[in-house]
Amino acid sequence: MIERIWSGRSPLYLLLLPLSLLYGAITALIRLSYRLGLRKAWRSPVPVVVVGNLTAGGNGKTPVVIWLVEQLQRQGLRVGVVSRGYGGKADRYPLLLTPETTTGQAGDEPVLIAQRTGAPVAVSPVRSEAVKALLAAHRLDLIITDDGLQHYALARDIEIVVVDGERRFGNGWWLPAGPMRERAGRLRQVDAVIVNGGEAGKGEIAMRLQPGAAINLKTGVSAPLSSLASVVAMAGIGHPPRFFATLRQHAVPVARAVPFADHQAYREADLLALTPEHEALLMTEKDAVKCRAFAHDNWWYLPVDAHLSAAAEPLLQKIAALGRN
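Nothing here was measured: the structure is a model prediction, and the numbers come from that model. (Residues numbered from 1 in each chain as written. Predicted model: local features only at pLDDT ≥ 70, side-chain atom pairs only at ≥ 80, totals over all residues. Heavy atoms only, no water.)

Section: the nonpolar core
Then, in step 1: In terms of nonpolar packing, the biggest core is built from 39 residues, with Leu68, Leu72, Ile144, Ile160 and Ile319 touching the most fellow members.
Then, in step 2: No other element matches helix α3 (residues 61-74), which puts seven residues into this core.
Then, in step 3: Ignoring anything within four residues of it in the chain, the contact list for Ile319 reads Val49, Leu68, Leu72, Leu142, Ile158 and Ile160.
Then, in step 4: Core analysis: the next-biggest nonpolar cluster, separate from the first, contains 21 residues, Val48, Ala122, Leu134 and Val193 among them. (Core = buried A, V, L, I, M, F, W, Y, C linked by side-chain atoms within 4.5 Å. Buried < 20%, exposed > 50% of the residue type's maximum accessible area, 1.4 Å probe, protein only. Helix = DSSP H or I, 4+ residues; strand = E, 2+ residues; numbered from the N terminus. Contact = heavy atoms within 4.5 Å.)

Observations regarding the domain arrangement of the chain
Interfaces are frequently sized by the accessible area removed from exposure as the parts join.
Then, in step 1: Looking at the assigned domains, one finds that the chain contains domain 1 (1-208 + 307-324) and domain 2 (213-302).
Then, in step 2: Summarising the inter-unit geometry, the C-alpha centres of domain 1 and domain 2 are found 26 Å apart.
Then, in step 3: With both sides pooled, the region where domain 1 packs onto domain 2 buries about 1,100 Å², and carbon together with sulfur makes up 51% of that total.
Then, in step 4: The interface formed by domain 1 and domain 2 includes four salt bridges.
Then, in step 5: The salt bridge involving Arg116 is made with Glu285; its shortest N-O contact spans 2.6 Å.
Then, in step 6: The interface formed by domain 1 and domain 2 contains seven residue pairs in polar contact (both at pLDDT 80 or more).
Then, in step 7: Tallying contributions element by element places helix α5 (residues 108-117) first for the side of domain 1 that touches domain 2, with six residues. (Domains from an automatic or database assignment. Buried area = accessible area lost by both parts, 1.4 Å probe. Salt bridge = Lys/Arg side-chain N within 4 Å of Asp/Glu carboxyl O. Polar contact = N/O pair within 3.5 Å; in protein donor to acceptor, adjacent residues only side chain to side chain.)

Following this line, the structure appears as structure tokens:
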């Protein structure tokens, strides 16, 4: 239902417009208070790059963070990542991730980023505290924030917005009548717009998500997608249909597709019930970091990598130059 409302296919969004106008007024006042100096943003001693979005729901932001970290690491830069840690609950903040940190403590995306990149990661609802914790523990050249475009309490040097190229901005209204955290005009003020799928417009950077081989959660063995038969697919991400569409595009024989809520907490018994005939259970990598501790031998995940067009090169070099100064 919410997808129909946010896409503009249902007129029910009209009933929510008063709440959206209130949301828009509050967010505009918050931003204005920082611009006028009524509130003070904390500035890190090293450059900060924000990778965020204007809409609620999954846009492919985390793969962009991973791509950016890996690209900068290849250039010899020491990169740290901070996140709010949505979906996790730590005993205290800021929380510096270790190999033993669970998704229940830090949230799924920070754990995924740490595992994929090896970069130092810290989480805190107050992102400046996460940055301070990273800098106290590591010598870093750059900080990347996973989300946080609207967290104006942390000053930033570069702003990157990731847009879902298929859904774009729906009906264009603020939450809850539409998907917008900020209106589309905000794009004129950011440093780069990366469009995940669909068609990139003038001045935008095109991106696509390329899946690799399926990886078994229990053994770590990889296998071609074509080798999986009678697959039950599951996804607990911001926009599960994107994952299922990827499987269809690669001719994966999906017998059943099961969407879950973003940041879903999984129980072993619930996932076992999805495959009563011991079919292959195929999930996203974001789901896998929450399920590895109780994985079974028929559970697989599909890692994806962000591939950006050549238009991303000037952005990458600009960020790298900041880190070297």
